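Chain by chain, the residues:
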Number of protein chains: 4
Amino acid sequence: MDTALPRTTSAVPFGEHDDSPHAALADSLAAGFALDAAERDRQGGVALAERNALRASGLLRLSVPRELGGPGASWPEILRIVRRFSEADSAVAHLFAFHHLQVASVLLWGSEDQARRLLGPVVSGQAFWGNAANGLDAHVRLIPDGSRYVLDGTKTFCSGASDSDTLLVTALRSPAAAERVAIVIPTRREGVKVLGDWDAFGQRQTDSGTVVFSRVAVKRDEVLLPGPQTSPRATLRTCLAQLILAEIYLGNARGALRSAWHYVHDEGRPNVAAGVDRILDDPYIARHFGDFRLAIRGATLLADSAHARLQAAWARGTALTAEERGRVAIEVSEARLASARAGLEVTSRIFETLGARSTATRHGLDRYWRNVRTHTLHDSLDYKLRDLGRWVLTGAAPEPGLYS
Amino acid sequence: MDTALPRTTSAVPFGEHDDSPHAALADSLAAGFALDAAERDRQGGVALAERNALRASGLLRLSVPRELGGPGASWPEILRIVRRFSEADSAVAHLFAFHHLQVASVLLWGSEDQARRLLGPVVSGQAFWGNAANGLDAHVRLIPDGSRYVLDGTKTFCSGASDSDTLLVTALRSPAAAERVAIVIPTRREGVKVLGDWDAFGQRQTDSGTVVFSRVAVKRDEVLLPGPQTSPRATLRTCLAQLILAEIYLGNARGALRSAWHYVHDEGRPNVAAGVDRILDDPYIARHFGDFRLAIRGATLLADSAHARLQAAWARGTALTAEERGRVAIEVSEARLASARAGLEVTSRIFETLGARSTATRHGLDRYWRNVRTHTLHDSLDYKLRDLGRWVLTGAAPEPGLYS
Amino acid sequence: MDTALPRTTSAVPFGEHDDSPHAALADSLAAGFALDAAERDRQGGVALAERNALRASGLLRLSVPRELGGPGASWPEILRIVRRFSEADSAVAHLFAFHHLQVASVLLWGSEDQARRLLGPVVSGQAFWGNAANGLDAHVRLIPDGSRYVLDGTKTFCSGASDSDTLLVTALRSPAAAERVAIVIPTRREGVKVLGDWDAFGQRQTDSGTVVFSRVAVKRDEVLLPGPQTSPRATLRTCLAQLILAEIYLGNARGALRSAWHYVHDEGRPNVAAGVDRILDDPYIARHFGDFRLAIRGATLLADSAHARLQAAWARGTALTAEERGRVAIEVSEARLASARAGLEVTSRIFETLGARSTATRHGLDRYWRNVRTHTLHDSLDYKLRDLGRWVLTGAAPEPGLYS
Amino acid sequence: MDTALPRTTSAVPFGEHDDSPHAALADSLAAGFALDAAERDRQGGVALAERNALRASGLLRLSVPRELGGPGASWPEILRIVRRFSEADSAVAHLFAFHHLQVASVLLWGSEDQARRLLGPVVSGQAFWGNAANGLDAHVRLIPDGSRYVLDGTKTFCSGASDSDTLLVTALRSPAAAERVAIVIPTRREGVKVLGDWDAFGQRQTDSGTVVFSRVAVKRDEVLLPGPQTSPRATLRTCLAQLILAEIYLGNARGALRSAWHYVHDEGRPNVAAGVDRILDDPYIARHFGDFRLAIRGATLLADSAHARLQAAWARGTALTAEERGRVAIEVSEARLASARAGLEVTSRIFETLGARSTATRHGLDRYWRNVRTHTLHDSLDYKLRDLGRWVLTGAAPEPGLYS
């Protein structure tokens, strides 16, 4: 294209700068992930090289508090890295974020002693944690067995279980099955089988498949105490999980915008009907980019606000009240809803600025929509919106639960 | 699911019945296409079995007029079959529709004698015609060469060229290159090379790749005369092509709704947050289905109206005026715009009624969105909408051209 | 404006022509209503001159069947007149339509003898009928009183009661109050008091205020028999009422587009930022008009389809089945939903093509939105959409009722 | 309503608290404005009592810097008060905001000496300033006349001119008419005639009518020097003006939500079709309120971010660069676009949660939409969005001008 667009800076679509200590490292990793993200999306399977790059980077330690020997990064710092990764490759971002979600679970649900012991390997080594905590799967039982327990059953949607070193598992405690408990065990323990059967059309390298537990031995102190849902603070785990979802959507929206920006600069051609020499002068193309920016900026500010609110609640420790926790949940809901909308809109509409040749599979530009579409189904956004409205009407935040 | 939904009839999402003579046969073929449409979408490549089923069905003869020995089906009849096929497999629908578009081109652009001669094999045999008429590719030249011509250059987006018997090619006539002409030649003629390089993320089995013409010999009477754009009637080709696009979108919307309907009946589970026993009683799920229906019904009526308008214009023959042709173009634009909107909305939003498990690749439910997203980029809908608005403001229909 | 837009025909925004026998008369009346519609909207109160023009026109007779001495116009004919009136003045259209709704009620709910007797004055004179049939107001009782009844209580939302000659009243029959009955009485009967207290921000001259019945004497044969809800046919009254609502919205959308079209032609100035000489060349303005057209066309086709479906059901007479009636209700719902959306969108967005000076109260252009906004609240569209979705999912049409 | 909604706090719809020093006073004034805002909207004309309340409150001094004897409130503080007033009565908010816009103009365009002299009466008394600076009206000329000037011509859209003490006027300097200059004069000066002819359907008490200047004498030092557009800093005036527009829209959205909240609590009745006892349990009503909140929160965060960006630029003084100013303009555009969308959506859709009785004119609930609809036409939002997109694509902020 002779009449090239000015390319003042690759940051233009967002015009932001993050000067937190780990941002530069994250940025460089993200650039690496982006190189073959489209190709790996086609292949599916386990992102081994990327997982190992994360191990080597030291960023898996970020969420471990200073008093336990970790860097004690704040949640806003970590979540901005999730966002940045997600722009490049939202499956890898998901794995990274869910690792930290499991670390957070130990901090929120376990004793101080458990935190010290279980998070030790995270600080000193390169342990990658996976998730086996899907709350809707009520099929895993923790059964007393003498001085210990056995774990039995099957979990689906176990993001990051493949190639993980450690698993966080939730189960119902037998015999009554009334209480949900959380257990931390090595993935390689006998009786644990990670099936590697994840095969959705989006978030393809998240390894969110099935894990089968066949009479897996569990020691007493591997059961986190006091456990989930035992205090307002303990229920922050759901808030963090939901906020990660928001960042996955937002990252895809931003990644789609960034890809569209580059495509327009590199290969964009003015529409025949536009009668202009430069694609920039096409009034509809420019307007679409304005829309994309607006949707993403609004969602970004809501997410940033929720980050801060979560961090403040986290800092309150055990003093956190149910009402304060409720306000975190409300802001997190807002961030998730706005990110989902921005994500679905931007990832589908970018094509209207790019034209038919942009659909070639080598570009892989449909993956942004496929990722958002898949991940926005995690739990119903219709009910999130209803709950937000109920809070507006009554002041009552949603009951803490699996998804709220 | 114990609390099963009533399944009064599979026709419920549409509540329509087509009693035109070929509808039952088309329906039966469509049912066959649907069986492995998701699988073939994953594979891409040429839909040989389906192409041969179409050859064997006799439906490739439909557009040949009675006076030429064909069944003389009306365009509304043929377009409703395109719609039905598109519900099941919009790539196959595209191949079927574009075959008839080439037949129409001979009727609109060629002499009576050419029509009789060139369409003979369509009536008597099982010829499948492909497209090499992308107007934006100005790279193919028709060069005088003694008593005949040679064709030289490359065309992209040649839908249905692979496995075709005959190609309709457009070229610029040398030396002036000012005039666009159309040529009908056998695909197997020496010098024609169909590359089979189509690899978009949607409409995957449409074989819309590249065809290279290397000094291909063309006889004088293979050049259609009087040719494209020579009368209001001749320009109806664009109207038909655009209306086919509308049916591709509409078919995907309908296919997505049909698939969603079956998924809800077969595998749908009430949302945890809904607090209802039957998914039917989820107020948000029901509302989404209402939205889908409304979008599809509106687009369907606009398409049906455009069908009738096109057929009336076709029946006017050479008496068709520019103004009458303009009204066809306006209605076709309306159908295409409304179908594109309905298509993009329904194919993305069905997932909000189905939940996370519906994203498994074995269901292949994302293909509807990928098909619509790819095909809606054929030419800019922004400018279609602008042209519609200009007509509202001034009464001037868009100039007949490649896309209007 | 020197660079005037071509003004080929005032019909351009719609491009339709209605050649039904009464269309020209309706058109001429509509043109008269339009002259001071904005001014009368500001004043509110009773549209006496317009009501008398309708009386004088003979169009109040239209719905009376030929066998009763009327012109026996079809419902599609009458509803297209409602649409045309509504473009000009949707309050007057409402009065006209509701008059015919009351006539229809006699035909649907009363005996043949009642129809002949009660509709006589409609044929021979200039009777204007009003509505006192709001079903949600359960405050009016029909109480046995010797050989006759007395009517007692208060009705709200009595459209067209002011200046009416005859009222259709619904009441609960005492003592059980379980049965809803319909009564036809002269408005001037002792004990009937029309308060004239309607004061909404839209549909201002519809006189939809309160009527108080203070021991009003009712003769036995003024109670329609067999009465409402007694057969599928009887419940068509709701379908007709809902379809009238659709036409009110659609008429306002069309009126708004027509007004915008004239404003752009008469006073439109190109936006400073557009850098064009003629407002027509503003790409955003043209696109908005494309959107308006598209929304209105889709809704118009749905309404036309519902007209035909209603008429076919009407023609079935007492043979009409519940299932056939259900399909009428579904199509009417679709028409109402699409018209409401088109109405709300177009009446608000026209201003984006007109600029700040178009908000001067002398133009009265906000009345279109106020009319649609007011009237779309007649009964909940959220539940209409849900019911449509339920029908898609189960094939079960909504139960016939006050609003469905 | 027996099944009353809990009414924990009137702040619930927003859940915010502003503890800036003047917030409590503003809140109390706003509560007063709200009492008869609907009534005054109907009347139109000049809001004398409210203007005098503002004079008496001391809040007209807020923008005068400390070094000039004023309170030196920050722009975020002042703009939050505009927002709060706008919730209650956006016409009064407009008058208040535009007063401060004129004060800002003196600070941005005048010399230090002029600022001290002209703003003296603002600090010491109760001067209310009005606007006669509509840039599109190129009809006012400043003509040299010996040692002074005369001002001649007509300005439209002069918000706040009625009952003002001082006017800021822009004019073209004769003879060349190439330079736009700003003049500050007493409104009562001979030759100034405020027509009071504002009569739009929204923002009714903003007195945005016509001012006629008939050979009005102007002293040399009443012409602000160096004047408009003379530096990046000088052009911040447009940013401030645009941000005020955003707050007007946002305030109406918030006012509409607040009114809807109260209406639902005071008069809300469950929909018949909902089958619930409490309106809160209507799933669609709750969802609408979720939508309202989400739209308003996103726009609020964008506006807050723009406030901070403007204040930072203001604090840079004459060191402000064109690029820094460009970033202010971009954020202000984002705030205005998002507020306009939220405003139009919320002010129209609240009715869907309130039902037909909410349209009674005594509630005056349509004024929110009328206000937003009128004021969003100030200058084209289509071009704002295009310019935002251009910045995304090229990094080039819009040229400083009348509206950007």
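Just so we're clear, the structure is a prediction, and the values are computed from it rather than from any experiment. (Residues numbered from 1 in each chain as written. Chains lettered and ligands numbered in written order. Predicted model: local features only at pLDDT ≥ 70, side-chain atom pairs only at ≥ 80, totals over all residues. Heavy atoms only, no water.)

**What about the overall build of chain A?**
Consideration 1: From N to C terminus, chain A includes 11 helices and seven strands.
Consideration 2: Its C-alpha atoms give chain A a radius of gyration of 22 Å, near enough to 22 Å, the size a compact globule of 404 residues would have.
Consideration 3: In terms of overall dimensions, chain A has a C-alpha envelope of 80 × 45 × 35 Å along the principal axes.
Consideration 4: Every one of the 404 residues in chain A was classed for burial, and the buried ones make up 65%.
Consideration 5: Sequence-distant contacts in chain A: of pairs separated by 6 or more residues, those separated by 24 or more amount to 78%.
Consideration 6: Carbon and sulfur atoms form 52% of the exposed surface of chain A, whose accessible area is close to 13,700 Å².
Consideration 7: In chain A, which carries 48 positive and 46 negative side-chain charges, the distance between the mean positions of the two groups comes to 3 Å. (Helix = DSSP H or I, 4+ residues; strand = E, 2+ residues; numbered from the N terminus. Rg over C-alpha atoms; globule rule 2.2 N^0.38 Å. Buried < 20%, exposed > 50% of the residue type's maximum accessible area, 1.4 Å probe, protein only. Contact = heavy atoms within 4.5 Å. Areas by Shrake-Rupley, 256 points an atom, 1.4 Å probe, with all protein chains shown as cover. Lys, Arg positive; Asp, Glu negative; His and termini not counted. Charge placed at Lys NZ, Arg CZ, Asp CG, Glu CD.)

**Description of the packing of aromatic side chains**
Consideration 1: Counted according to the given criterion, the structure contains 40 aromatic pairs over all chains.
Consideration 2: Considering the side-chain rings of C:Phe201 and D:Phe351, the 5.2 Å spacing of their centres and the 65 degrees angle between planes classify their relative orientation as edge-to-face. Note that C:Phe201 is positioned in the loop between strand E6 (192–194) and strand E7 (209–218) and D:Phe351 in the loop between helix H9 (322–349) and helix H10 (367–375), a pairing that runs across two chains.
Consideration 3: Given the relative accessible area of 0%, D:Phe351 is considered buried.
Consideration 4: Taking the centre distance of 5.5 Å and the plane angle of 65 degrees together, the rings of C:Phe289 and C:Phe292 count as edge-to-face. Here the residue C:Phe289 and the residue C:Phe292 both occupy positions in helix H8 (residues 283–315), the gap between them amounting to three residues, near one helical turn. In this structure, C:Phe289 and C:Phe292 share a single accessibility class: buried. (Phe/Tyr/Trp six-rings, centres within 6.5 Å; stacked < 30°, edge-to-face > 60°.)

**So, the packing of helix H1 (residues 23–35) of chain A against helix H4 (residues 75–88) of chain A**
All names here are of chain A.
Consideration 1: The N-to-C vectors of H1 and H4 enclose an angle of 20 degrees; their axes lie 8 Å apart at closest approach. In this view, H1 runs roughly parallel relative to H4, as classed from their interaxial angle. The chirality of how H1 crosses H4 is right-handed. Residues Ala26, Asp27, Leu29, Ala30, Phe33 and Ala34 of H1 lie in contact with H4, whose contacting residues are Ile81, Arg84, Phe85 and Ala88. (Axes fitted to C-alpha atoms, helices over the stretch in contact; angles between N-to-C directions. Parallel < 35°, antiparallel > 145°, perpendicular 65-115°, else oblique. Left-handed = near helix turned anticlockwise from the far one by under 90°.)

**Describing the nonpolar core**
Consideration 1: Counting residues in hydrophobic clusters, the biggest one holds 433 residues, and the most contacted among them are A:Phe85, B:Phe85, C:Phe85 and D:Phe85.
Consideration 2: Those residues in contact with A:Phe85 that sit more than four places away from it in its chain are A:Ala26, A:Leu29, A:Ala30, A:Phe33, A:Leu54, A:Leu59, A:Ser90, A:Ala93 and A:Phe96. (Core = buried A, V, L, I, M, F, W, Y, C linked by side-chain atoms within 4.5 Å.)

**Some points on the interface of chain A and chain D**
Consideration 1: Listed per partner, the contact involves 43 residues of chain A and 43 residues of chain D.
Consideration 2: Both faces combined, the contact of chain A with chain D buries some 3,700 Å², and carbon together with sulfur accounts for 65% of it.
Consideration 3: The largest per-residue losses of area from chain A upon contact with chain D belong to A:Leu294, A:Val392 and A:Leu393, which jointly make up 19% of the total buried on that side.
Consideration 4: Joining chain A to chain D, the criterion identifies 10 salt bridges.
Consideration 5: In this structure, A:Glu334 and D:Arg297 form a salt bridge, with 2.9 Å as the shortest nitrogen-oxygen distance.
Consideration 6: Counting across the interface, chain A meets chain D through 16 residue pairs in polar contact (both at pLDDT 80 or more).
Consideration 7: Listed by contribution, the elements that provide at least two residues to the side of chain A that touches chain D are helix H7 (236–267), helix H8 (283–315), helix H9 (322–349) and helix H11 (381–394) of chain A. (Buried area = accessible area lost by both parts, 1.4 Å probe. Salt bridge = Lys/Arg side-chain N within 4 Å of Asp/Glu carboxyl O. Polar contact = N/O pair within 3.5 Å; in protein donor to acceptor, adjacent residues only side chain to side chain.)

**What about the pattern of salt bridges?**
Charged atoms that come close allow side chains of opposite charge to pair.
Consideration 1: According to the stated counting rule, one finds 149 salt bridges over all chains in the structure shown.
Consideration 2: As a salt-bridge pair, B:Glu39 and B:Arg42 come within 2.9 Å of each other at their nearest N and O atoms. A residue pair is termed a helical-turn pair when its members lie 3 or 4 positions apart in one helix, as B:Glu39 and B:Arg42 do in helix H2 (residues 37–43) at three residues.
Consideration 3: Among the salt bridges present, the one from D:Arg117 reaches D:Asp221, with a minimum N-O distance of 3.7 Å. Of this pair, D:Arg117 sits in helix H6 (residues 112–124) while D:Asp221 sits in the loop between strand E7 (209–218) and helix H7 (236–267), and the two are 104 residues apart along the sequence.
Consideration 4: When salt bridges with common partners are traced through the structure, they connect A:Arg51, A:Arg55, A:Asp163, A:Asp165, A:Arg188 and A:Asp207 into a single cluster.

**Here's the deal with the domain arrangement of chain A**
All names here are of chain A.
Consideration 1: Along its sequence, chain A is carved into domain 1 (17–128), domain 2 (131–222) and domain 3 (236–394).
Consideration 2: Here the C-alpha centroids of domain 2 and domain 3 sit 31 Å apart.
Consideration 3: Across the contact, nine residues belong to domain 2 and nine residues belong to domain 3.
Consideration 4: Together domain 2 and domain 3 conceal approximately 600 Å² of surface at their shared face, both sides included; 54% is due to carbon and sulfur atoms. (Domains from an automatic or database assignment.)

**With respect to the environment of D:Gln229**
Residues and elements named next belong to chain D.
Consideration 1: Residue placement: Gln229 occurs in the loop between E7 and H7.
Consideration 2: Between the C-alpha atom of Gln229 and that of Ser259, which follows or precedes it by 30 residues, the distance is 41 Å.
Consideration 3: The contact partners of Gln229, leaving out residues within four places of it in the chain, are Trp109, Arg180, Ala234, Thr235, Pro400 and Gly401.

**Re unusual backbone geometry**
Consideration 1: Across the junction of A:Ser174 and A:Pro175, the peptide omega takes the value 0 degrees, indicating a cis bond.
Consideration 2: With respect to the helices and strands, A:Pro175 occurs in the loop between strand E4 (166–173) and strand E5 (180–186).
Consideration 3: At B:Phe157, a position not held by glycine, the phi torsion is positive, near 55 degrees.
Consideration 4: Considering the arrangement of structural elements, one finds B:Phe157 in strand E3 (residues 148–158).

**Describing the relation of the copies chain A and chain D**
Consideration 1: Between chain A and chain D, the superposition needs a rotation of 180 degrees and an axial shift of 0.0 Å, giving an RMSD of 0.0 Å. Those values place the two copies in the arrangement expected of a two-fold rotation axis. For chain A, the residue whose C-alpha comes nearest the rotation axis is A:Gly298, separated from it by 2.6 Å.
Consideration 2: Of the interface residues in chain A, 100% have counterparts in chain D that sit at the interface too, so the contact is made through matching surfaces. (Least-squares fit on C-alpha atoms with pLDDT ≥ 70 in both.)

**Here's the deal with the environment of C:Ala299**
Residues and elements named next belong to chain C.
Consideration 1: In this fold, Ala299 is placed in helix H8.
Consideration 2: Assessed through its relative accessible area of 1%, Ala299 is described here as buried.
Consideration 3: Along the sequence, Ala299 and Ala253 sit 46 residues apart, while their C-alpha atoms lie 9.9 Å from each other.
Consideration 4: Contacts of Ala299, omitting those with residues within four sequence positions, involve Leu250, Ala338, Ser339 and Ala342.

**With respect to the pairing of strand E5 (residues 180–186) of chain D**
Residue and element names in this part refer to chain D.
Consideration 1: Summarising burial for E5: five of the seven residues are buried, a large majority.
Consideration 2: Relative to E5, strand E4 (residues 166–173) is paired through seven bridges, and the arrangement is antiparallel. By the bridge assignment, Thr170 is partnered in E5 with Ala182.
Consideration 3: If you look at the hairpin formed by E4 and E5, you'll find six residues sitting between the two strands, and Ala177 has a positive phi there, around 60 degrees. (Pairing = 2+ DSSP bridges.)

**Considering the pairing of strand E2 (residues 141–145) of chain C**
Residue and element names in this part refer to chain C.
Consideration 1: Sheet topology note: the E2/strand E4 (residues 166–173) ladder contains two bridges and is parallel. Across the sheet, the residue bridging to Leu142 is Arg173, located in E4.
Consideration 2: Between the antiparallel neighbours E2 and strand E3 (residues 148–158) lie two residues, among them Gly146 with a positive phi of about 70 degrees.

**With respect to the packing of helix H5 (residues 90–109) of chain D against H7(D)**
Residue and element names in this part refer to chain D.
Consideration 1: Running from N to C, H5 and H7 cross one another at 165 degrees; their axes reach a closest spacing of 10 Å. Here H7 runs roughly antiparallel to H5, going by the angle between their axes. In this structure, the crossing between H5 and H7 has a hand that is right-handed. Where H5 approaches H7, its residues Ser90, Ala93, His94, Ala97, Phe98, Leu101, Gln102, Ala104, Ser105, Leu108 and Trp109 are matched on the opposing element by Leu236, Arg237, Leu240, Ala241, Ile244, Ile248 and Asn252.
Consideration 2: Class assignment of the residues belonging to the contact of H5 with H7 gives a composition of 12 nonpolar, five polar and one charged. (Nonpolar A, V, L, I, M, F, W, Y, C, P; charged D, E, K, R; others polar.)

**Structural notes on the confidence of the model for chain A**
All names here are of chain A.
Consideration 1: In the predicted model, chain A carries a mean pLDDT of 94, and the fraction of residues at 70 or more is 97%.
Consideration 2: The low-confidence segment residues 1–11, where pLDDT is below 50, has 22 contacts with residues more than four positions distant or belonging to other chains.
Consideration 3: Two summary scores accompany this predicted model of the complex, namely pTM at 0.96 and ipTM at 0.95. (pLDDT = per-residue confidence, 0-100.)

**Examining the side chain of C:Arg237**
All names here are of chain C.
Consideration 1: Structurally, the position occupied by Arg237 is in helix H7 (residues 236–267).
Consideration 2: Among buried Asp, Glu, Lys and Arg side chains, Arg237 stands out as unpaired, with Asp379 the closest opposite charge at 11 Å.
Consideration 3: Only 2.7 Å separates the side chain of Arg237 from the side chain of Ser105, close enough to count as a polar contact.
Consideration 4: Among residues more than four places away in sequence, those in contact with Arg237 are Leu101, Gln102, Ser105, Leu108, Trp109, Asn131, Ala133 and Leu168.

**What to know about the side chain of B:Ser259**
Residues and elements named next belong to chain B.
Consideration 1: Residue position: Ser259 is located in helix H7 (residues 236–267).
Consideration 2: Residue classification places Ser259 among the buried residues on the basis of a relative accessible area of 19%.
Consideration 3: Of the polar contacts made by the side chain of Ser259, one reaches the side chain of Tyr368; its length is 2.7 Å.
Consideration 4: Residues contacting Ser259, with those up to four places away along its chain left out, are Leu365 and Tyr368.

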